[in-house]
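# Examining the three-dimensional arrangement
Single-letter residue listing:
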Amino acid sequence: MTTYGSFPGTRPRRLRTTPVMRRMVAETRLHPADLILPAFVREGITEPVGIEAMPGVYQHTRDSLKKAAVDAVTAGVSGIMLFGVPEESKKDALGTPGTDPDGILQVALRDVRAEVGDDLLVMSDVCLDETIDHGHCGVLDDRGRVDNDATLERYAEMAQVQADAGAHVVGPSGMMDGQIGVIRDALDQAGHEDVAILAYTAKYSSAFYGPFREAVGSSLKGDRKTYQQDPANSRESLRELALDLEEGADMVMVKPAGPYLDVLARISDASDVPVAAYQISGEYSMIEAAAQRGWIDRDKAIMESLTGIKRAGANMILTYWATEVARQL
């Protein structure tokens, strides 16, 4: 410790004295442009339906989704990631609503693009779990296992119809080996060279997805441990990163965000493309539930959680608070 006539001589607290001082020397800053709003649109409803496990989040109608998109634009949010929830009777073993041009997700993509044009990046989830009758992220083989290569064919079709419907960005989230390369080829062959791919590079098999299952009306029984990443592993994420970049990913993602900040930091350090992190349903619901009980300060906890994700290396954050936080910023 350096001393010059008094102790202590070095006082870091001098840079914490006032709000303006703290703001000036802040190493990490959140901005509305960092944020992406995940949103659910459900077929066959006439009013938005509240998601019990995610207070304040809704399954949208087509009309309320368009309003949510406009609100996001007004707040300065960069993107909206759409998840479609088809009628239960339309689900089948192939996830047909996911490749039907008139499936709910494709219809919603056209709605939102018509409403906001290029003022908001319209993004779409490329995965079969919302549309398939068994709830897994891919088609099953005759032994009941997720068939990686057969699923890739479905993903290629999904990406094409989503791009046809107006998606600026497609987000393959199923963690199938080779999915980025297959989708890139399919998009290019369909004349969608400008549609970007946001790769779910490190998507962990997490207990924090629970509320999301309600949000998308999931039919899943069991788990996804054979294809989503093991929470015990970190180096594995760098292997996934190398493969996704080699196959043509334009952006990469870590999901969940909060429990995997170490992985996010490693991915950020190693990646030469923008890095996203998804603050998932369980992360959202824990803060909302604790705040409802008066155990934490809701607004401060939200900002602290997002700042931590940004500090760990995320260029973009998918969060259900995107529009609310963007307005505050």
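Structure first, text after, so check above.
Nothing here was measured: the structure is a model prediction, and the numbers come from that model.

Counting its regular elements, the protein contains 11 helices and 10 strands. Expected size for 329 residues packed as a compact globule is a radius of gyration near 20 Å; at 21 Å, the protein falls within 12% of this value. Taken over the C-alpha atoms alone, the protein extends approximately 80 × 45 × 40 Å along its principal axes. When each of the 329 residues of the protein is scored for burial, the buried share is 53%. Put simply, of all contacts in the protein between residues at least 6 apart along the chain, 73% involve residues at least 24 apart. Total accessible area on the protein stands at roughly 15200 Å², and carbon and sulfur atoms take up 49% of it.

Turning next to the pattern of salt bridges. Once the charged atoms of two side chains with opposite charge are near each other, the side chains can pair. Counted under the stated rule, the structure contains 15 salt bridges. One salt bridge connects Glu157 with Arg154, and the closest N-O pair in it is separated by 3.4 Å. Within this pair, Glu157 and its partner Arg154 are both found in helix α4 (residues 148-164), separated by three residues, close to a single helical turn. Since its relative accessible area comes to 35%, Glu157 is described here as partly exposed. Residues Asp188 and Arg184 are paired through a salt bridge, measuring 3.1 Å at the closest nitrogen-oxygen approach. Of the two residues, Asp188 and Arg184 are both situated in helix α5 (residues 179-189); the distance of four residues between them amounts to about one turn of the helix. The exposure class assigned to Asp188 is partly exposed, which follows from its relative accessible area of 31%.

We now examine the environment of Glu324. Along the polypeptide, Glu324 turns up in helix α11 (residues 322-328). Owing to a relative accessible area of 26%, Glu324 belongs among the partly exposed residues under this scheme. Put simply, Glu324 and Ala75 are 249 residues apart on the chain and 8.0 Å apart in space, counted from C-alpha to C-alpha. Apart from residues lying up to four places away in sequence, Glu324 is in contact with Arg298, Asp299 and Ile302.

Right, let's talk about the side chain of Glu288 for a bit. Summarising the element assignment, Glu288 is placed in helix α9 (residues 281-292). Leaving out residues up to four positions away in the same chain, Glu288 has contacts with Pro55, Arg298 and Trp321.

The next point concerns the packing of helix α2 (residues 62-75) against helix α3 (residues 104-116). Running from N to C, α2 and α3 cross one another at 45°; their axes reach a closest spacing of 9 Å. In terms of axis orientation, α2 runs oblique to α3. Here α2 runs over α3; the crossing is right-handed. Every residue of α3 that contacts α2 at Arg62, Leu65, Lys66, Ala69, Val70 and Val73 is listed here: Ile104, Val107, Ala108, Asp111, Val112, Glu115 and Val116. In terms of residue class, the contact of α2 with α3 is built from nine nonpolar, no polar and four charged.

As for its position among the elements, Ala232 is in the loop between α6 (210-215) and α7 (235-247). Each C-alpha atom of the pair Ala232 and Pro211 lies 22 Å from the other, and the pair is 21 residues apart in sequence.

The grouping of Leu15, Met24 and Val25 at the surface amounts to a nonpolar patch, some 280 Å² of accessible area in total. Among the structural elements, Met24 can be located in helix α1 (residues 19-25). Met24 gets classed as exposed once you look at its relative accessible area, which sits at 57%.

Moving on, we get to the pairing of strand β9 (residues 275-278). Burial of the side chains of β9 extends over both faces: Val275 and Ala277 are buried on one face and Ala276 and Tyr278 on the other. As defined by bridge partners, strand β8 (residues 251-255) adjoins β9 across three bridges and the pair is classed as parallel. Bridge assignment links Met253 to a residue of β9, and that residue is Ala276. Regarding topology, helix α8 (residues 261-270) serves as the crossover connection from β8 to the parallel β9, and that connection is right-handed.

Criteria and cut-off values
Residues numbered from 1 in each chain as written. Predicted model: local features only at pLDDT ≥ 70, side-chain atom pairs only at ≥ 80, totals over all residues. Heavy atoms only, no water. Helix = DSSP H or I, 4+ residues; strand = E, 2+ residues; numbered from the N terminus. Rg over C-alpha atoms; globule rule 2.2 N^0.38 Å. Buried < 20%, exposed > 50% of the residue type's maximum accessible area, 1.4 Å probe, protein only. Contact = heavy atoms within 4.5 Å. Areas by Shrake-Rupley, 256 points an atom, 1.4 Å probe, with all protein chains shown as cover. Salt bridge = Lys/Arg side-chain N within 4 Å of Asp/Glu carboxyl O. Axes fitted to C-alpha atoms, helices over the stretch in contact; angles between N-to-C directions. Parallel < 35°, antiparallel > 145°, perpendicular 65-115°, else oblique. Left-handed = near helix turned anticlockwise from the far one by under 90°. Nonpolar A, V, L, I, M, F, W, Y, C, P; charged D, E, K, R; others polar. Patch = residues over 30% accessible without salt bridge, like charges linked within 9 Å, V, L, I, M, F, W, Y side chains within 5 Å. Pairing = 2+ DSSP bridges. Right-handed = clockwise from strand over helix to strand, strands pointing away.

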